[in-house]
Amino acid sequence: MNVLVLLGGLLVLAYTVARHQIPFHTLGLITALFLLIFTLAGGFSFFWGLLFWTIFLLPSLLLGLPQLRLQFLTRPLLKRIRAVLPPMSDTERDAIEAGSVWWEAELFRGAPDWKLLQNYKLPTLSKEERAFLDGPVDELCRMIDDWDITHNRLDLPPEMWAFLKQNLFFGMIIPKRYGGLEFSALAHSCVVMKVSARSISAGVTVMVPNSLGPAELLLHYGSEQQKDYYLPRLADGREIPCFALTGPGAGSDAGAMLDTAVVCMGKHQGKKVLGLLLNWEKRYITLGPVATVLGLAFKVFDPDGLIGDQQELGITCALIPTDTPGVIIGNRHFPLNAAFQNGPNSGKDVFIPMDYIIGGQQNIGTGWRMRVESLSVGRGTSRPAVGTAAGKSCARYTGAYARIRKQFNTSIGKFEGVEEALARIGGMTYMMDAGRLLTLSAIDSGESPSVITAILKYYNTELMRQVVNDSMDVHGGRGICMGPSNYIGRAYQTVPIGITVEGANILTRSMIIFGQGAIRCHPFLVREMEAATLDDIPKSEAAFDSALRGHVGYFVTNFCRAFIYGISGSHLAEAPQPGRIGDYYQRLSQMSAAFAVTSDLVLMILGGSFKRKEKLSGRFADVLGYMFYASAVLKKFESDGQPRNDLPLVEWSAKYCLYQVQVALDEILRNFPIKWLGVIVRIAIFPLGLSLRQPNDALGHRVASLLIKPGKARNRLTQGIFLSDDPADITGRLEDALDKIIKAEPIERRLRHDNLLQPGLTDFEAWIKNLQKAKQITAEEAGILLAAQVATRKVIMVDDFSAQELVNKTGAKKKAVSLKKSPTAKKVPTRKQAATGKKSTSKKTVRGK
Ligand SMILES: Cc1cc2nc3c(=O)[nH]c(=O)nc-3n(C[C@H](O)[C@H](O)[C@H](O)COP(=O)(O)OP(=O)(O)OC[C@H]3O[C@@H](n4cnc5c(N)ncnc54)[C@H](O)[C@@H]3O)c2cc1C
């Protein structure tokens, strides 16, 4: 009985702490009072009393008495941290400090405030943006023939380049006063999504001038003169931009670039001016081969002290017209059969005046910060839109195909094996869209949430990989044989591009997301680190002591929360609404508290060496990432007005995310840096064991069923991609065939029931006629069956080519030549021309210009 009272009392105490932020002293007093009453009431034997009071008094005195705390806790800890705190390079510091924190901080800190999430407004398109999407974007989509682009031309056709420029597709982020469209991030994302769903090559061409490139850098850091000159020209496509950061020696570690600029005097437009002499070698640069203005990152050196005492001035960004003497540009890479322009470029002794530097001479050395700040917004807009585009088109087309394609006299989408793939396609597409919209709501409200955009870049491209793979499996040979009627092959080929660019995914997951998250979102970590770096020891101790007190309170609160939510199966956690959807909120609160406890302990144990523990960091990224997606899914559902039809998608996605969170936490505990502590933490955060489960078969069936028939949920899921009604277009043929198949199904069912449906018919038409003659079907039914059969054949057939056609297009020798002599390629100056600075006199044939 006594034990029950004691446990009950402690649980009530833990619950109070879990739900209310109780100050440290108050908590101590309440606990002391409870133990005192319990002792006086004779609840303890001598031994248990001694044990409990010792367990309570030791830490309370240590933490509660300032002198004791300083002597036995603050100083030893500070000493240890000072010894292990890794030095932080400027580039690392810039990367970590870039951007702002937003909703992810709530999830990180163990107590997400659901009211805050509810108060965020998911963005909506303005009238003008909607008109652009329904007008020029749809027109562009109708113009796109991806096979022609990626197989015949290896480029967009000239009329498409012209159309893009005329309609200001390259000026979506440029303000109207400079002649741009001044679109919101949502509109930008929607345009990229719609175009990419039709053609990745066209989508990337539209995307690049609008993200992470010269226009964005100019808008934030350019001088007024640079803005006035370049922005109108970039908006209407007179200038085609690219941004060159990556080189052969510097990929993920872009800060290690060997591209140099030496401060010197040189000649510019006939005058001797102060400037930079540049040498560089870059590769993989999108739009590089057709660029007229090259955004370039390089390191500046001032050996002669022309502009100050410092010799190494750091990474700097400049805009360089590509016809500047010495610039070598024009050759192309061939990235996985995509036809957007991409290639290497280099410069040999290129002299530029100081005012080519973005923002002018004063911005020497700020290039890395510019880059990471732009990245903290940019990677949340375009790449995730491409991932979502792939998801939406796979969901729409694979669902339709799975209904149309029959094997064993049954639509393949009705087989349980295929249903599993369809459920993943549907659920993950919903997740991608939800994550995209929640992130855009942050960006459009003026935030630059660097951790969230890293999450979105990584997971939307990884989810895209899974969805496209599943889609390929469902299509079988139909997805493999390339040709004009293959609508997923190119998306499949280009998946690794999204995975690699804007922060390669392994690096983003295992280093960036949690590394940056921990420093940006943890309420005390940075304060502690900053205190540890102070040279003035008394100040350092005082600052560290203050942060430490807060940190202990934060940890104790989260520990109680994780335990109480865990032992109650999350029922004691807060939820903004009751019922099944409310349960997901409660589970998320539980996982958030579990994450806060686990991550805090791991960071405390490993300190600076955590930087090398990428496996643990990657799993923490998974926890944070999937919690973000689960909350985005709930937010989207609520924002859409909680449509009942979407429930299977919502529940599948929420369950999937929560299960992934649990898996990642389980793996962290199995690999905990101190094994026995890992066991204790497991008991504390999962007192009822690992109780979350994957979405079950019945739920998967409900999701798959939504995808294989026309309906509101399918339309909402795939909203925002271009839907063709052109019978000459394969995607238009799919929609048409789906309708006809569904109309024919009741007749087929009846025939099957009457044993009249014969598999493997060679002459379908004759069979239909016979049925009609025998009055087993009406003339109308015969028409329906025939129409379905014709439409099906149009969908299931693949392209074939004469041997000659394929030799012409795939002969290695021919291809190498055709790429070099591509009509888009600029005349490449010889080394001599580059060195002497004399321009090539032959005509340029740059399609992009
Ligand atoms: C089609 C395409 C278009 C591109 N467009 C542009 C452009 O317009 N401008 C531009 O400047 N660049 C561009 N890039 C370059 C792109 O940003 C780089 O490819 C990317 O940064 C990765 O560099 P890398 O390819 O050299 O790979 P590497 O840096 O060699 O990385 C290889 C692998 O190692 C992993 N890795 C590296 N370091 C770590 C670490 N510390 N921890 C864990 N994993 C790690 C990476 O995640 C990756 O999986 C483009 C690339 C491609 C393929």
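Residues numbered from 1 in each chain as written. Predicted model: local features only at pLDDT ≥ 70, side-chain atom pairs only at ≥ 80, totals over all residues. Heavy atoms only, no water.

Chemist: It is not clear to me how the overall build of the chain should be interpreted in this structure. Could you clarify?
Modeler: Looking only at helices and strands, the chain has 35 helices and nine strands in total. Relative to the globule expectation of 29 Å for 849 residues, the C-alpha radius of gyration of the chain, 31 Å, shows essentially globular dimensions. With the principal axes as the frame, the chain shows a C-alpha extent of 95 × 95 × 45 Å. Each of the 849 residues in the chain was classed as buried or not, and the buried ones make up 55%. Intrachain contacts of the chain at a sequence separation of at least 6 include 76% that bridge at least 24 residues. Total accessible area computed for the chain in this model is approximately 36800 Å², and 57% of it derives from carbon and sulfur atoms. If the 99 positive side-chain charges of the chain are averaged to one point and the 78 negative ones to another, these points end up 3 Å apart. (Helix = DSSP H or I, 4+ residues; strand = E, 2+ residues; numbered from the N terminus. Rg over C-alpha atoms; globule rule 2.2 N^0.38 Å. Buried < 20%, exposed > 50% of the residue type's maximum accessible area, 1.4 Å probe, protein only. Contact = heavy atoms within 4.5 Å. Areas by Shrake-Rupley, 256 points an atom, 1.4 Å probe, with all protein chains shown as cover. Lys, Arg positive; Asp, Glu negative; His and termini not counted. Charge placed at Lys NZ, Arg CZ, Asp CG, Glu CD.)

Chemist: Even after reading the chapter, I still don't get the packing of helix α8 (residues 127-143) against helix α10 (residues 158-166), so can you show me in this structure?
Modeler: Describing two packed helices takes the angle between their axes plus the distance from one axis to the other. Interhelical geometry of α8 versus α10 gives an angle of 175° and a closest axis separation of 11 Å. Of the possible angle classes, the one that applies to α8 and α10 is roughly antiparallel. Residue-level contacts link P136, E139, L140 and M143 of α8 to E159, M160, F163 and L164 of α10. Across the contact of α8 with α10, the residue classes tally to six nonpolar, no polar and two charged. (Axes fitted to C-alpha atoms, helices over the stretch in contact; angles between N-to-C directions. Parallel < 35°, antiparallel > 145°, perpendicular 65-115°, else oblique. Nonpolar A, V, L, I, M, F, W, Y, C, P; charged D, E, K, R; others polar.)

Chemist: How should the pattern of salt bridges be read in this particular structure?
Modeler: Pairs may arise between side chains of opposite charge once their charged atoms sit close together. On inspection of all chains with the given rule, the structure shows 33 salt bridges. The salt bridge involving D433 is made with K392; its shortest N-O contact spans 2.9 Å. Of this pair, D433 sits in helix α17 (residues 416-444) while K392 sits in helix α16 (residues 382-404), and the two are 41 residues apart along the sequence. Residue classification places D433 among the buried positions, given a relative accessible area of 4%. (Salt bridge = Lys/Arg side-chain N within 4 Å of Asp/Glu carboxyl O.)

Chemist: Can you walk me through unusual backbone geometry in this structure?
Modeler: Glycine aside, a negative phi is what most residues show, and trans is what most peptide bonds show. Non-glycine residue L168 carries a positive phi angle of around 60°. With respect to the helices and strands, the residue L168 is situated in the loop between α10 and α11 (185-198). Notably, D349 is not glycine yet its phi reads approximately 45°, a positive angle. Here D349 lies in strand β7 (residues 342-353).

Chemist: Even after reading the chapter, I still don't get the site of the ligand, so can you show me in this structure?
Modeler: Among the 21 residues in the neighbourhood of the ligand, the closest are listed as F243, L245, T246, S252 and Y284. Here S252 contributes a side-chain N or O atom positioned 2.7 Å from an oxygen atom of the ligand. Here a nitrogen atom of the ligand and a side-chain polar atom of T286 are 3.0 Å apart. Sorting the residues of the shell around the ligand by element identifies β1 (241-244), β3 (271-286), α20 (489-500) and α21 (505-521) as the ones contributing at least two each. Here the element with the most residues in the shell around the ligand is α21; it accounts for four residues. Looking at the shell around the ligand residue by residue, the class counts come to 13 nonpolar, seven polar and one charged. (Near = heavy atom within 4 Å. Polar contact = N/O pair within 3.5 Å; in protein donor to acceptor, adjacent residues only side chain to side chain.)

Chemist: Teacher, can you tell me more about the packing of aromatic side chains here?
Modeler: Geometry of an aromatic ring pair is reported as the spacing of the ring centres plus the angle between the planes. Applying the stated criterion across every chain yields a total of 33 aromatic pairs. Both rings, one in Y459 and one in Y629, keep their centres 6.0 Å apart while their planes meet at 65°; by these two values the pair is edge-to-face. Taken as a pair, Y459 in helix α18 (residues 450-475) and Y629 in helix α25 (residues 614-639) lie far apart in primary sequence, 170 residues in all. In this structure, Y459 and Y629 share a single accessibility class: buried. Through successive ring pairs, a cluster of aromatic residues spans Y458, Y459, Y626, F628, Y629, W652 and Y656. (Phe/Tyr/Trp six-rings, centres within 6.5 Å; stacked < 30°, edge-to-face > 60°.)

Chemist: Honestly, the side chain of E735 in this entry has me stumped. Any pointers?
Modeler: Positionally, E735 belongs in helix α30 (residues 730-753). Classification of E735 by relative accessible area gives buried; the value is 17%.

Chemist: Would you mind showing me how to read the pairing of β1 here?
Modeler: Side-chain direction in a regular strand flips from residue to residue, so the side chains alternate between the two faces of the sheet. Side chains of β1 alternate between two faces, with P241 and F243 and C242 and A244 buried alike. Bridge count between β1 and strand β4 (residues 293-301): four bridges; the pairing is parallel. Along β4, the bridge assignment pairs F243 with G295. (Pairing = 2+ DSSP bridges.)

Chemist: How should the layout of surface pockets be read in this particular structure?
Modeler: Gaps between atoms show up when a probe of the same size as a water molecule is rolled over them. In this structure, the second largest pocket occupies an estimated 1200 Å³ of space. For the second largest pocket, the lining is made up of 31 residues, of which L10, L13, T31, F56 and V556 are closest to its centre. Here the lining of the second largest pocket gets nine residues from one element, more than from any other, and that element is helix α3 (residues 46-64). Taken together, the residues of the lining of the second largest pocket break down into 26 nonpolar, five polar and no charged. (1 Å grid on protein atoms, 1.4 Å probe; cavity = no way out; pocket = protein on both sides within 12 Å on 5 of 7 lines; lining within 4 Å. Points joined across faces, edges and corners; volume = space filled by probe spheres on them.)

Chemist: Just checking my understanding: could you explain the side chain of S485 for this structure?
Modeler: Mapped onto the elements, S485 comes out in the loop between α19 (477-480) and α20. For S485, a relative accessible area of 6% translates into the label buried. Polar contacts involving the side chain of S485 include one to the side chain of D799, which spans 2.6 Å.

Chemist: Looking at this model, I keep getting lost on empty space enclosed by the protein. Mind explaining?
Modeler: What the rule picks out here adds up to two cavities of 30 Å³ or more. In this structure, the largest cavity encloses a volume near 90 Å³. Together, I200, V204, R383, V386, T461, M464, A491, T494, V495, I497 and G498 line the largest cavity. Counting only elements with at least two residues in the lining of the largest cavity, the list comes to α12 (200-210), α16, α18 and α20. At five residues, α20 tops the list of elements feeding residues into the lining of the largest cavity.

Chemist: For this particular structure, what's the right way to read the pairing of strand β2 (residues 260-268)?
Modeler: In the sheet, β2 pairs with β3 via nine bridges, with the strands oriented antiparallel. Paired with M265 across the strands is L274, a residue of β3. Here β2 pairs with β4 via three bridges, running parallel. Across the sheet, the residue bridging to A261 is V300, located in β4.

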